[in-house]
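Observations on the model geometry
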Amino acid sequence: MTGQRRILIVTYPGQGLVNPSLRFANHLLKMGVLVTFSSSFSIIRRIDKQNTSQGLTFAPFFDGHDNGLQPTTNIKQFLTDFETNGSCAIAEIISSAAATGKPFDHLIYTTIVPWGARVANAHNLKSTLLWCQPATVLGIYYYYFNGYEDLISSNKNNPTFSINLPGLPPLTIADLPSFFSASSPTEHDCILSLYKNHIDALKISSRILINTFDELETESIKAIDKLKLLPIGPLIPSELLEQKDTSSGKEEEAYIQWLNTKPKSSVVYVSFGSWYNLTVDQGEEMSAGLLESGRPFLWVIRDGAEAAKLSKIDELKKQGMIVDWCSQVEVLTHKAVGCFVTHCGWNSTVETLVAGIPVVAFPQWTDQGTNAKLIVDVWKIGVQVRIREGDGVVEGKEIKRCVETVMGDGEIRENAVKWSELARKALSNGGLSTVNLQAFLDDA
C-alpha cells in the first residue's frame, strides 16, 4: 500500500524546477503518498498555498540569500551557499521526522541538487533524482564525463563540429547545453562541476525519474546501460488535459477576451519564460518581425517599462497585445493560438507538446539549444531562428520568415497534433508514464 509512504522532495529554488516538482508532488498525493516539499524560503513564500493540493506539507529553509538568485548574484557563491545551508537543513528535517516516529521513506532531489543523494545516504534513506530536462540532455552530460570530455572541449569553439554520442540523436557543438561553450570561465567551470556531481551521485542510486515520456525519447531513455531512466512525464498543469468549461461564469482576463475575438490558429504567442529579458536591439527586431508578419500576436514582456521603450509601441498595440503576465496554459489551449515563439525551456516545451502548438524555437542558454534541436529535427514541430553573425541578434525578417513557415506548414501542424496525442496517452490510466510512477512507488 502506498498510503503510509512519506516522501521528501528537495528542489532548487528556480521556477523552472519548482513547477514540475510541485506537479510531481500532486501525482504522488493522488496516489496516497504523504509528501513534504522543501526548498529555499525565497521560493516557498511565493507559492500560492491555497491552490496547492491538500495534504502537501512545506519545509522551507534559509539558503543564505533572502531574495534568491538575482542577476547580480555570483552564481558560484549562490550554489555554494545553497548546498552548505541546504545540506544542513535537509539533514535536520530528516532527523526530526525520524525522531517524531514519522520517518521519510524516500528523498527525491531535483536537477541542481546533487548533494541531496549524499545527505539521504548519510541517513540511510533511499534517494532518487527527478531530472527536469530531457533524457537527451542527461545523456550529453553523462557521456561528457564518461569518455567524451576531451573531444567536446577541444572543439567547443566550432559550433558545426559533429558530436555522435551513443544512443542520442546526431548533434553539433551548437546543439549542446550552453555551458560547454560558455565564454565565462566561472559559469563554465562551476556549472559543469555541478553536473559532474550529479553524474557522480548516480553511483548512489542509478534509477532516475525523468520529465519526459517514452515515445518522445525512446532511444535516449535507453542510451545509458548503467542507468535506469523511468519516464513519468510530461509533468504539466492538469488544466492542459482538461476540457474547458466555457459556461463556468469565471471572469476572463483581458488577454483571453482579446483572444476570443481572433480567428482559429491565427495568433502568434511570444514568451521567453520567467528569467530571460530581450536586449533593446532584440526587442526592436522582434517588434519589426511581428509587425511585418501582419498577424495578431500576444507578447509577454514582464517589465512594463521595457515594453514602453519600444519605438513602435503604438503600432504594436494596434496589431497585437502586450502583457506583463499571462496564464500560459490558458493561452496554449486557446483555439486562436497558431504558434509559439519560445525560448525552449523544458517546461514550456512539454506544455507546447501537450497543447499541440507549432513552435518558433528561439533558444537562449543552458539546455534550450538542445531542446530546440529536438523540436526542429527530431519531433519536427517547428523551426529555429537563425542569428545574425557578429552580435547574435535575430533580425525581424528572420522572425517573420519563421512565423510564416510554422503557421503555413501543414506537416508541422500534423506532427504537433501527433505528439499531443502521444503525450496525453502516456499520462492516461494505463499509459506508460503512469505505470512507471506506480512501479517506482511499489519499489520505493
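What counts as what
Residues numbered from 1 in each chain as written. Predicted model: local features only at pLDDT ≥ 70, side-chain atom pairs only at ≥ 80, totals over all residues. Heavy atoms only, no water. Pairing = 2+ DSSP bridges. Helix = DSSP H or I, 4+ residues; strand = E, 2+ residues; numbered from the N terminus. Axes fitted to C-alpha atoms, helices over the stretch in contact; angles between N-to-C directions. Contact = heavy atoms within 4.5 Å. Phe/Tyr/Trp six-rings, centres within 6.5 Å; stacked < 30°, edge-to-face > 60°. Buried < 20%, exposed > 50% of the residue type's maximum accessible area, 1.4 Å probe, protein only. Right-handed = clockwise from strand over helix to strand, strands pointing away. Domains from an automatic or database assignment. Buried area = accessible area lost by both parts, 1.4 Å probe. Salt bridge = Lys/Arg side-chain N within 4 Å of Asp/Glu carboxyl O. Polar contact = N/O pair within 3.5 Å; in protein donor to acceptor, adjacent residues only side chain to side chain. Nonpolar A, V, L, I, M, F, W, Y, C, P; charged D, E, K, R; others polar.

On to the sheet that holds strand β13 (residues 337-342). Spatially, the 6 strands line up as an open sheet ordered β12-β11-β10-β13-β14-β15, and their pairing is parallel. Two strands close off the open sheet at either side, each with one partner strand: β12 (321-323) and β15 (382-384). On average, each strand axis in the sheet is tilted by 15° relative to the strand beside it, whichever way the strands run. Note: strand β10 (residues 267-271) against β13, 5 bridges, orientation parallel. Bridge pairing links valine 268 to cysteine 339 in β13. Contacts from helix α14 (residues 368-378) reach β14 (359-361) and β15, with the element oriented near 130° to β15.

Before going further, it helps to spend a moment on the packing of aromatic side chains. Scanning the model with the defined rule gives 19 aromatic pairs in all. Relative to tyrosine 143, the ring of tyrosine 142 lies with its centre 5.5 Å away and its plane at 85°, an arrangement referred to as edge-to-face. Comparing tyrosine 142 with tyrosine 143, the two get one shared label, buried.

On to the pairing of β10, then. By the criterion of burial, β10 is predominantly enclosed, with 5 of the 5 residues buried. Burial of β10 is two-sided: the residues Val267, Tyr269 and Ser271 facing one way and the residues Val268 and Val270 facing the other way are all buried. Sheet topology places β10 next to strand β11 (residues 297-300); 3 bridges connect them, and they run parallel. For valine 270, the partnering residue across the bridge sits in β11 and is tryptophan 299. Taken together, β10, helix α9 (residues 280-293) and β11 constitute a β-α-β crossover, and its handedness is right-handed.

With that out of the way, let us pick up the environment of asparagine 371. Within the fold, asparagine 371 resides in helix α14. Take asparagine 371: its relative accessible area is 0%, and that puts it in the buried class. As a C-alpha pair, asparagine 371 and valine 137 span 234 residues in sequence and 8.4 Å in three-dimensional space. Discounting residues that sit within four places of it in the chain, asparagine 371 has contacts with Pro134, Val137, Cys344, Gly345, Trp346, Thr349 and Trp379.

Looking now at the sheet that holds strand β5 (residues 126-131). Reading across the sheet, the 7 strands line up as β3-β2-β1-β4-β5-β8-β9 and stay open at both edges, with parallel pairing between neighbours. The sheet is open, and its two edges are formed by β3 (57-58) and β9 (228-231), each paired on a single side. Across 3 bridges, β5 lies against strand β8 (residues 207-210) in parallel orientation. Its bridge partner being in β8, tryptophan 131 is matched across the sheet by isoleucine 210. Its contacts with the sheet place helix α1 (residues 15-30) against β1 (6-10), β2 (34-38), β3, β4 (106-110), β5 and β8, and it is angled at close to 165° to β2. Helix-sheet contacts for helix α4 (residues 115-122) involve β1, β4 and β5, and the interaxial angle to β4 is about 165°.

Now for unusual backbone geometry. In this structure, proline 234 follows glycine 233 across a cis peptide bond, with omega equal to 0°. Mapping proline 234 onto the fold places it in the loop between β9 and α8 (254-259). Here the phi dihedral of asparagine 124 falls at roughly 55°; this positive angle occurs in a residue that is not glycine. By secondary structure assignment, the location of asparagine 124 is in the loop between α4 and β5. For asparagine 124, a relative accessible area of 75% translates into the label exposed. The backbone phi angle of serine 265 is positive, close to 55°, even though this residue is not glycine.

This paragraph deals with the domain arrangement of the chain. Taken domain by domain, the chain holds domain 1 (6-238 + 428-443) and domain 2 (244-423). With 33 residues of domain 1 in contact, the opposing surface of domain 2 contributes 22 residues. Interface area for domain 1 against domain 2, summed over the two sides, is near 2,100 Å², with a carbon-plus-sulfur share of 67%. Seen at the junction of domain 1 and domain 2, the total is 2 salt bridges. With its nearest N and O atoms 3.8 Å apart, the salt bridge here joins lysine 373 to aspartate 175. Our enumeration of links across domain 1 and domain 2 arrives at 6 residue pairs in polar contact (both at pLDDT 80 or more). Those elements giving two or more residues to the side of domain 1 that touches domain 2 turn out to be α1 and α5 (135-154). Ranked by residue count, the leading element in the side of domain 1 that touches domain 2 is α1, at 5 residues. Looking at the side of domain 1 that touches domain 2 residue by residue, the class counts come to 19 nonpolar, 9 polar and 5 charged.

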